[in-house]
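# Close look at the chain arrangement
Given next are the chains, with one letter for each unit.
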Amino acid sequence: LCPPGVLPLCCRPPAWGRAPQQPPSPLLTPCRAFSNNMIQVELDESSGVAMMKFKSPPVNSLSLDFLTEFSISLEKLENDRACRGVIITSAVPKVFSAGLDITEMCGKSLEHYGEFWRAVQEFWLRLYGSNMVTVAAINGSSPAGGCLIALSCDYRIMAENPKFSIGLNETQLGIVAPFWFKDTFVNVVGQRIAERSLQLGSLHPAPEALQLGLVDELVPEEKILEKASAVMAKWLALPDHARQLTKSMMRKAVLDRLVAHREEDIKYFINFISKESIQKSLRMYMEMLKKKKG
Amino acid sequence: LCPPGVLPLCCRPPAWGRAPQQPPSPLLTPCRAFSNNMIQVELDESSGVAMMKFKSPPVNSLSLDFLTEFSISLEKLENDRACRGVIITSAVPKVFSAGLDITEMCGKSLEHYGEFWRAVQEFWLRLYGSNMVTVAAINGSSPAGGCLIALSCDYRIMAENPKFSIGLNETQLGIVAPFWFKDTFVNVVGQRIAERSLQLGSLHPAPEALQLGLVDELVPEEKILEKASAVMAKWLALPDHARQLTKSMMRKAVLDRLVAHREEDIKYFINFISKESIQKSLRMYMEMLKKKKG
Amino acid sequence: LCPPGVLPLCCRPPAWGRAPQQPPSPLLTPCRAFSNNMIQVELDESSGVAMMKFKSPPVNSLSLDFLTEFSISLEKLENDRACRGVIITSAVPKVFSAGLDITEMCGKSLEHYGEFWRAVQEFWLRLYGSNMVTVAAINGSSPAGGCLIALSCDYRIMAENPKFSIGLNETQLGIVAPFWFKDTFVNVVGQRIAERSLQLGSLHPAPEALQLGLVDELVPEEKILEKASAVMAKWLALPDHARQLTKSMMRKAVLDRLVAHREEDIKYFINFISKESIQKSLRMYMEMLKKKKG
């Protein structure tokens, strides 16, 4: 992982600095395929495209362990010269990711809250600031942190099932999306739609998400990976160098804002989440989920 | 009223700080219903929703007296624990509000211009920064300052009568919308639509206003209050605490900008409006209005 | 031309400062019509509208000479009290402007790159910051710098020929649109559309450009000047004074950003464009163009 306060983008020699004739160093062991506990990654060397599948049932919750594995997987791919793009999807039926794991935010120590929040920041800095082309193949519901993953990619394809919904629904749980979730959202849908959707904590069914610009297109669920590969090929047709500099120019202001306020943001989160009123809200929400499931 | 330069949001203990079991202090006399000269306010204690009706014929002009009453009414509701949302509408047929009262800007002393402008800033800071849910039920035309009132709410419903129009038409009068009118407009419709509409001083008929995103929906005039209540109920279903923090996060940058430049903005207004060329434009415009009426 | 770092807007006494009764100074020779090598300009004194036609076959490339003539023409019109608006179009069939002349960026000295880039900045500062109403009549394809000219106007009308396309396609050439091209683009189409379009270097056919908001309307090619005149008349119906202040308010942040970083931007361009890898890309692109033509 990067040192705190350092943008992940900087951890890697820029792609455009590499002369194509220079062979990969024999001292590095480039990853080609790896699977850990919760995320399966396969890199197709011929296309330069990695497929990253969330496989942490029941709902791909973003626990501390999941987030750590996510950041490490992104870092491995980012440092792998054979990898130019990544498709992110779910191996769990009906859900892309249910977002931040509430059990990590409930009844734990202040230190734990801090460690957890740093991991949330870390994955977002890596994904939103990635030099790779990132395509989200949203094959299930995608609330809160799940939505943030999708928003942080370069392109969003969603299964056209109106039962699947996506949105930053934090207010429904009595909590507040942090400023950088908000900034990422505004960069996709604009200020007005973000203002309304965030206040209401809306979860938008796929067709509405398309209409709002929250996703770029809908396809039948069985075609989603095929479509994602086609989109990826289109984006990879551009020279990496120019595309990466352009992406960085578009996202720099929002990335820099978190980097500049990272420790402050962690302190704010610890203070907010450890309030008794917030803890009570979260416990009630978890009770409700258990009853729903049971 | 708040001290100058202090954000209205700060004048009130944040709603999320109140434990629900804590009874309202007996020393406070919470307002339940009040009517002054120009604005009628009724609070439904069961729903927590206040209905605020402009009743200053012929066109609900925003005079110094009207603005003062508006700010005081907003402050009362903001401080009333029983009030969580306010619906703003007009009791005058065919007009929501005609905007700033031109007679306050014509042939008066520099001191008067300054006092008037401070009152314009004050109402906007209170309304745009309100902790309450604010819904505009725009049941008539709404040029200039009338449009600003609508833009400052959380949600805009307009009567679907194409004879009713809405917009910031200042340039038509030879004057210029101040930067915070512009910022509020951009936050609703985006930079490009704002640039074109502000330069042309466009008044958009209701259907066009919907298409531009200047209002959120159109309903038959007789259903507008019913619809406003339904929308309000939806917004009030969210926990106040999380919704208010989210609203503040979305609007803070634009509110802070006026707070930081408030005195400068007043000086600029006084200097601009007292120019002989501007005074002449305004006199001509008033003559035109008189002839039209006569 | 203005001194470096000085906004063109400041070079001219503001229009609203001119009393209409004040006659033009006899010491100034007001331009009424002039034609140079590459741009033909005709001013209709009765309407106050200038027609500016690019006539530099084969594709109206923005060479150093062209840009210099463009800036001088804009300056003349800006200083001409009889001129209130300018329509910009092409006298060359099928192309509005092909954008920056690649031969100016390939195999030349560092000094030349610097001089060229300063001329690019200069024309944009003049056009984007112009006090005049500017209408683009886009009667042909308009990639890269050609698109920037269109984006910098107040209103864009495009011929409804789907063979004509428009966009900032720099990444396709392996180069990157500078931040102020990007800012201008974002001000027209918003952050998300800009992010996608810039990364892909998309050239949007006319109908798609309309849908994205990149142009304001499409008309049959033979009606484009007629339509431009009608639009111009609508914009000129507003008082210059108020319209100009409003325009300046909308565009100031983006103009100021380049003015503040002008020398830095030139150094960055020189350093970037003189890289051997970039020079190679540009040479390959020129070879491709030659083969296509041959």
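Look up: the structure comes first, before these words.
Please read these numbers as outputs of a predicted model, since none were measured by experiment. (Residues numbered from 1 in each chain as written. Chains lettered and ligands numbered in written order. Predicted model: local features only at pLDDT ≥ 70, side-chain atom pairs only at ≥ 80, totals over all residues. Heavy atoms only, no water.)

### Side note on the interface of chain C and chain A
The partner chain A presents 20 residues to the 21 residues of chain C that form the contact. Together chain C and chain A conceal approximately 1800 Å² of surface at their shared face, both sides included; 64% is due to carbon and sulfur atoms. Counting the surface chain C buries against chain A, the share from its top three residues, Arg192(C), Gln199(C) and Leu200(C), is 38%. The interface formed by chain C and chain A holds three salt bridges in total. For the salt bridge of Asp216(A) with Arg196(C), the shortest nitrogen-to-oxygen distance reads 3.1 Å. Counting across the chain C and chain A interface gives six residue pairs in polar contact (both at pLDDT 80 or more). (Contact = heavy atoms within 4.5 Å. Buried area = accessible area lost by both parts, 1.4 Å probe. Salt bridge = Lys/Arg side-chain N within 4 Å of Asp/Glu carboxyl O. Polar contact = N/O pair within 3.5 Å; in protein donor to acceptor, adjacent residues only side chain to side chain.)

### Comments concerning the sheet that holds strand E8 (residues 142-143) of chain C
All names here are of chain C. Ordered by their spatial adjacency, three strands build an open sheet running E8-E10-E11, and the pairing between neighbours is mixed. Both edges of this open sheet fall to E8 and strand E11 (204-205), since each of them pairs with a single strand only. Sheet topology places strand E10 (residues 165-167) next to E11; two bridges connect them, and they run antiparallel. Residue Ser 165 lies in a different strand from E11, and its bridge partner there is Pro 205. (Pairing = 2+ DSSP bridges. Helix = DSSP H or I, 4+ residues; strand = E, 2+ residues; numbered from the N terminus.)

### Things to note about the relation of the copies chain C and chain A
Expressed as a screw operation, the relation of chain C to chain A combines 0.0 Å of axial shift with a rotation of 120°, fitting to an RMSD of 0.0 Å. Accordingly, the operation relating the two chain copies is best matched by a three-fold axis. Relative to the rotation axis, the closest C-alpha in chain C is found at Gly190(C), a distance of 4.3 Å. (Least-squares fit on C-alpha atoms with pLDDT ≥ 70 in both.)

### Considering the packing of aromatic side chains
Geometry of an aromatic ring pair is reported as the spacing of the ring centres plus the angle between the planes. On inspection of all chains with the given rule, the structure shows 39 aromatic pairs over all chains. Considering the side-chain rings of Trp124(A) and Tyr128(A), the 5.1 Å spacing of their centres and the 15° angle between planes classify their relative orientation as stacked. Taken together, the residues Trp124(A) and Tyr128(A), both in helix H2 (residues 110-128) and four residues apart, mark about one turn of the helix. Tyr128(A) matches Trp124(A) in its accessibility class, with the two residues each being buried. An angle of 65° between the planes, with centres 5.0 Å apart, marks the rings of Trp180(B) and Phe181(B) as edge-to-face. (Phe/Tyr/Trp six-rings, centres within 6.5 Å; stacked < 30°, edge-to-face > 60°. Buried < 20%, exposed > 50% of the residue type's maximum accessible area, 1.4 Å probe, protein only.)

### Some details on unusual backbone geometry
Residues and elements named next belong to chain B. Along the chain, Pro 57 connects to Pro 58 via a cis peptide bond; the corresponding omega equals 5°. Position of Pro 58 relative to the elements: it lies in the loop between strand E3 (49-54) and strand E4 (61-62). Phi is positive for Asn 60, which is not a glycine, with a value near 50°. Relative to the helices and strands, Asn 60 is located in the loop between E3 and E4.

### Focus: the pairing of strand E3 (residues 49-54) of chain A
Residues and elements named next belong to chain A. Along E3, five of the six residues are buried, which leaves the element largely enclosed by surrounding structure. Where strand E2 (residues 39-44) and E3 come together, six bridges link them in antiparallel fashion. Paired with Gln 40 across the two strands is Lys 53, which belongs to E3. Summarising the sheet, E3 and strand E4 (residues 85-90) pair through six bridges and their orientation is parallel. Its bridge partner lying in E4, Val 49 is registered against Gly 85.

### Topic: the environment of Pro57(A)
Mapped onto the elements of the fold, Pro57(A) is located in the loop between E3 and helix H1 (64-78). Residues Pro57(A) and Thr68(A), eleven residues apart in the sequence, show an inter-C-alpha distance of 17 Å.

### Digging into the packing of helix H1 (residues 64-78) of chain B against helix H2 (residues 110-128) of chain B
When two helices pack together, you describe them by how their axes are tilted relative to each other and by the distance separating the axes. All names here are of chain B. It is at 9 Å that the axes of H1 and H2 come closest, and there the two elements cross at 30°. The pairing of H1 with H2 is recorded here as roughly parallel in orientation. Regarding H1 and H2, the two cross each other, and that crossing is left-handed. In this structure, H1 uses Leu 64, Leu 67, Phe 70, Ser 71, Leu 74, Glu 75 and Glu 78 to contact H2, whose residues at the interface are His 112, Glu 115, Phe 116, Ala 119, Val 120, Glu 122, Phe 123, Arg 126 and Leu 127. Grouping the amino acids of the contact of H1 with H2 by side-chain chemistry returns nine nonpolar, two polar and five charged. (Axes fitted to C-alpha atoms, helices over the stretch in contact; angles between N-to-C directions. Parallel < 35°, antiparallel > 145°, perpendicular 65-115°, else oblique. Left-handed = near helix turned anticlockwise from the far one by under 90°. Nonpolar A, V, L, I, M, F, W, Y, C, P; charged D, E, K, R; others polar.)

### Points about the interface of chain A and chain B
The partner chain B presents 20 residues to the 21 residues of chain A that form the contact. Buried area between chain A and chain B, both sides added, is near 1800 Å², and the carbon and sulfur share of it is 63%. Sorting the residues of chain A by area buried against chain B places Arg192(A), Gln199(A) and Leu200(A) first, and these three jointly supply 38% of that buried surface. At the junction of chain A and chain B, the tally comes to three salt bridges. Between the two partners, chain A and chain B, sit six residue pairs in polar contact (both at pLDDT 80 or more). Mapped onto the side of chain A that touches chain B, the elements with two or more residues apiece are helix H4 (179-189), helix H5 (191-200) and helix H9 (262-273) of chain A.

### With respect to the sheet that holds strand E8 (residues 142-143) of chain B
Residues and elements named next belong to chain B. Taken in spatial order, the three strands of this open sheet run E8-E10-E11, and their pairing is mixed. Each edge of the open sheet carries a strand with a single partner, namely E8 and strand E11 (204-205). Strand direction decides the pairing type here: E8 and strand E10 (residues 165-167), joined by two bridges, are parallel. Considered in E10, the bridge of Ser 142 is made with Ile 166.

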